[in-house]
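Fold and geometry: a report
So you can see what is in the structure, the chains are spelled out below.
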Amino acid sequence: MDKHHDESFIRKYFSLDHKIIGLQYMFTSLVFLMGGFLLVQLMRWQLAFPGRPMPFIGRFFPDTMAPGGIMLPEFYNQLGAMHGTIMVFLGIVPLGVGFFGNYFLPLQIGARDMAFPRLNMMSYWIYLVGGLTMLSSFFMPGGAAQSGWTSYAPLSVTAPTGQTVWIIAMVLIITSSLFGAINFIVTTLNLRAPGLTWSRLPIFVWAQFITAILLLFSFPVLEAGAVLQLLDRVAGTSFFLPAGLVVDGTPLDRVGGGSPLLWQHLFWFLAHPEVYVLILPAMGIVAEIIANGTRKPLFGYKEIVGALCFLGVMSFLVWAHHMFLSGMRTSLSYFFMTTTMIISIPSVAILTCLLLSLKGGSIRFTPPMHFALAFLPLFGIGGLTGLPLGFTPTDIYLHDTYYVIGHFHYVVVTGSIIALFGGIYYWFPKMFGRVMNPFWSKVHFWFTILMMNGIFFPMFIQGMAGAQRRLYDPTAQLHNLVVQPSNVFMTYCAWGLFLAQIPFIINFFYSMFKGKRANENHWEATTLEWACPSPPLPHKNFEKAPTVYRGPYEYSVPGHKTDFYPQNVI
């Protein structure tokens with residue numbers, strides 16, 4: 001037995017094994033995703049049927065949230081702020097990076113574990129404490145944070161106590177991500193198997209490596225801003241409070257000439273690289289699935305890697321396109337408009353390479369392949385609809401409308417989450433040694449895709465009709481009455497999307513224990529994670545340390561006896 005394999009209570013639940021930590025991230029982030037999704041179900045009721053009591057559950061809310069079951073504006077704002085925060089910082093990022101990166105990056109580079117196992121363990125537990133702290137803000141006087149997921153000052157500085165808890169939770173979550181980023185970078189640089197040169201790395205590893213670099217350089221900026229905002233709230237400073245600020249008709253006595261725009265710059269300097277933190281792991285997963293599902297090498301491997309690197313660099317030069325309405329100089333807005341157009345080029349290049357990879361392939365329409373194929377057009381819609389928001393003239397009209405919500409959700413939900421679902425189906429046999437039921441996987445796929453498009457596509461129509469986002473009661477503006485029926489339709493689709501996840505949940509847990517047993521290389525893949533047992537050995541992964549002899553996608557090699565040629569086979 002491995003001398004580090006200790007089955008005590010501490011080592012079982014505070015494990016140093018990257019696979020256990022990855023699974024902890026997976027289960028925790030999926031729970032947070034479901035929680036964030038439930039919050040938006042309440043918001044959708046209010047948008048579709050404003051002023052009407054919530055059925056069934058309305059009576060369980062206190063009068064400070066929903067007297068008589070009718071949602072208050074303050075509670076709606078809390079739901080909006082917490083939905084965005086939970087889905088992005090507690091759901092998608094921990095799932096895409098914390099789970100997939102932790103579990104599969106060491107396996108794909110032939111490592112026994114991460115470079116710093118204890119730091120890895122700490123990153124998960126700090127994340128969990130941060131998430132629970134975030135949820136606890138609902139029980140604070142005045143409720144949870146209600147200044148949006150962006151926490152714009154000065155509103156966030158003068159908000160109730162829940163906003164303070166939100167800031168403390170964000171500091172913990174950011175610290176967790178920084179620990180993980182350091183670990184991923186050092187692991188990729190130092191623990192690659194013999195023969196695994198940079199040109200032989202799977203695209204998934206490249207995506208996780210670049211994501212870690214983005215986290216390392218962008219998150220400290222927001223952490224510093226969060227600490228300054230915390231000081232504004234509890235220590236009487238005024239980093240983000242302008243002079244002459246009046247709150248509820250009373251001049252605020254502790255303002256000293258701070259700048260609310262400073263917070264916006266600090267937040268968006270993180271938050272635009274954060275968009276690529278959300279999407280790059282998804283691109284890496286889709287690349288792995290498409291190479292395997294087409295049974296041929298990826299088209300343009302070097303071009304994809306170069307585009308990923310270029311995306312990483314450019315993501316730090318576009319943040320102020322979120323601030324075109326803040327009164328910035330025209331010359332400055334032109335600069336960010338130009339960089340925004342430039343950053344669309346590598347995204348198009350990656351999508352083009354993935355599409356061309358399908359040409360001439362012997363496509364296997366497996367459940368993971370369904371999700372990977374759906375990612376391509378849906379993420380394309382998300383990217384294309386972002387272009388009008390990158391032009392100053394069109395953004396001025398669209399910025400505060402539902403068009404922005406539709407664009408963002410097409411990128412993050414029909415893009416990232418769809419790819420993450422595909423990754424779960426793809427690597428499930430490796431994690432648990434069993435296969436998820438393909439019929440129920442396809443049921444989950446089709447209903448999920450239909451419901452997602454039913455929710456998000458009408459938002460573009462609403463936005464171009466002038467329907468403003470952040471409105472507690474959309475019917476308060478008469479011009480919104482034209483598109484109000486679409487809110488009802490979107491709400492029904494949101495409930496349908498919730499129901500569509502039931503087959504996935506049942507299939508997942510049933511297959512963990514009763515699913516058809518999988519062999520070591522269920523999908524006949526070529527990368528190193530398929531060279532170890534299913535599930536991998538505790539604490540060492542491989543029976544024997546692998547050596548790499550070729551690139552990651554040697555499929556359908558002429559003269560080879562099978563249509564896949566693993567990296568570790570001589």
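To keep things clear, this report deals only with the structure shown in the data block.

Each value, and the rule that gives it
- Residues numbered from 1 in each chain as written.
- Predicted model: local features only at pLDDT ≥ 70, side-chain atom pairs only at ≥ 80, totals over all residues.
- Heavy atoms only, no water.
- Salt bridge = Lys/Arg side-chain N within 4 Å of Asp/Glu carboxyl O.
- Helix = DSSP H or I, 4+ residues; strand = E, 2+ residues; numbered from the N terminus.
- Buried < 20%, exposed > 50% of the residue type's maximum accessible area, 1.4 Å probe, protein only.
- Contact = heavy atoms within 4.5 Å.
- Phe/Tyr/Trp six-rings, centres within 6.5 Å; stacked < 30°, edge-to-face > 60°.
- Lys NZ or Arg CZ within 6 Å of the ring centre and 35° of its normal.

Section: the pattern of salt bridges
Close approach of charged atoms allows side chains with opposite charge to pair. What the rule picks out here adds up to 7 salt bridges. Linking Asp563 and Arg295 is a salt bridge whose minimum nitrogen-to-oxygen distance equals 3.0 Å. In this pair, Asp563 is assigned in the segment after strand E4 (516-517) and Arg295 in the loop between helix H7 (260-294) and helix H8 (301-314), connecting sequence segments 268 residues apart. Its relative accessible area of 25% is what places Asp563 among the partly exposed residues. Where Arg470 meets Asp400, a salt bridge forms, and the shortest distance between an N and an O atom there is 3.1 Å. Linking Arg470 in the loop between helix H13 (438-464) and helix H14 (484-514) with Asp400 in the loop between helix H11 (392-398) and helix H12 (402-432), this pair joins segments that are 70 residues apart in sequence. On the accessibility criterion, Arg470 (53% relative accessible area) is exposed. Taken together, the salt bridges that share partners define one network made up of Arg295, Arg364, Glu524 and Asp563.

Considerations on the side chain of Thr28
Within the element layout of this structure, Thr28 appears in helix H2 (residues 18-48). Taking relative accessible area as the criterion, Thr28 reaches 12% and is therefore assigned buried. Ignoring sequence-local partners within four residues, the contact set of Thr28 consists of Tyr124, Tyr127 and Leu128.

Digging into the packing of aromatic side chains
Across all of its chains, the model carries 57 aromatic pairs by this definition. Between Phe61 and Phe75, the aromatic rings sit 5.3 Å apart at their centres with planes inclined by 55 degrees, giving tilted as the arrangement. Of this pair, Phe61 sits in the loop between H2 and helix H3 (73-108) while Phe75 is found in helix H3, placing the two residues 14 residues apart along the sequence. Through successive ring pairs, a cluster of aromatic residues spans Phe27, Phe371, Phe421, Tyr425, Phe428, Phe432, Phe445, Trp446, Phe504, Phe508 and Phe509. Sitting over the ring of Trp198, Arg192 keeps its end group 4.5 Å from the ring centre. Sitting above the plane of the Tyr565 ring, Arg550 keeps its charged end 3.7 Å from the centroid.

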